[in-house]
Amino acid sequence: MKMRKKSDLPSKICGVCRLPFTWRKKWEKDWEAVKYCSERCRRARVSASEKSL
């Protein structure tokens, strides 16, 4: 297995905190569906939408 530098990995911008985050091994199968950098941001997004209801 070839090692990669972290700067060579794909990255995205988090939908909540707007900070960049890079690819992780655990997201390998569903990288296209990942929208948030962390569980905390995912929960914050859900609670924000619940408050608007």
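Placed above this text is the structure.
Description of the structure in this document. (Residues numbered from 1 in each chain as written. Predicted model: local features only at pLDDT ≥ 70, side-chain atom pairs only at ≥ 80, totals over all residues. Heavy atoms only, no water.)

## Digging into the overall build of the protein chain
What counts is decided by this rule: For the purposes of this entry, the term helix denotes a DSSP run of H or I that reaches at least four residues, the term strand denotes a run of E that reaches at least two, and both are numbered from the N terminus. Only protein chains enter the accessibility calculation, which uses a 1.4 Å probe. A residue is then buried if its area is under 20% of the maximum for its type, exposed if over 50%, and partly exposed in between. In this analysis, two residues are considered to be in contact whenever any of their non-hydrogen atoms come within 4.5 Å of each other.
Looking only at helices and strands, the protein chain features one helix and two strands. Listing the helices and strands of the protein chain from first to last along the sequence gives β-β-α. A total of 53 residues make up the protein chain; the buried ones form 15% of that total. Here the analysis covers contacts within the protein chain between residues at least 6 apart in sequence; of these, 12% occur between residues at least 24 apart.

## Concerning the nonpolar core
Put simply, the rule is: The nonpolar core is taken to be a set of buried Ala, Val, Leu, Ile, Met, Phe, Trp, Tyr and Cys residues, with the residues joined through side-chain atoms within 4.5 Å.
Residues Cys14, Phe21, Trp27, Trp31, Val34, Cys37 and Cys41 constitute the largest nonpolar core, which totals seven residues. Setting aside anything within four residues of it in sequence, one finds Phe21 in contact with Pro10, Ser11, Lys12, Ile13, Cys14, Trp27, Trp31, Val34, Lys35, Tyr36 and Cys37.

## Brief notes about the packing of aromatic side chains
Our working definition: Stacked, edge-to-face and tilted labels apply to pairs of Phe, Tyr and Trp rings (six-membered ring for Trp) whose centres lie within 6.5 Å, assigned for plane angles under 30 degrees, over 60, and everything in between, in that order.
Tallying each qualifying case throughout the model produces three aromatic pairs. Seen from their ring centres, Phe21 and Trp31 are 6.0 Å apart, and the 70° between their planes marks the pair as edge-to-face. Linking Phe21 in strand β2 (residues 20-22) with Trp31 in the loop between β2 and α1 (39-52), this pair joins segments that are 10 residues apart in sequence. For the pair formed by Phe21 and Trp31, the shared burial category is buried. An aromatic cluster of at least three residues, connected via ring pairs, comprises Phe21, Trp27 and Trp31.

## Let's talk about the environment of Trp31
Take Trp31: its relative accessible area is 11%, and that puts it in the buried class. Trp31 sits 20 residues away from Ser11 along the chain, and the two C-alpha atoms are 9.8 Å apart. Setting aside residues no more than four positions away along its own chain, Trp31 makes contact with Pro10, Ser11, Lys12, Phe21, Thr22 and Trp23.

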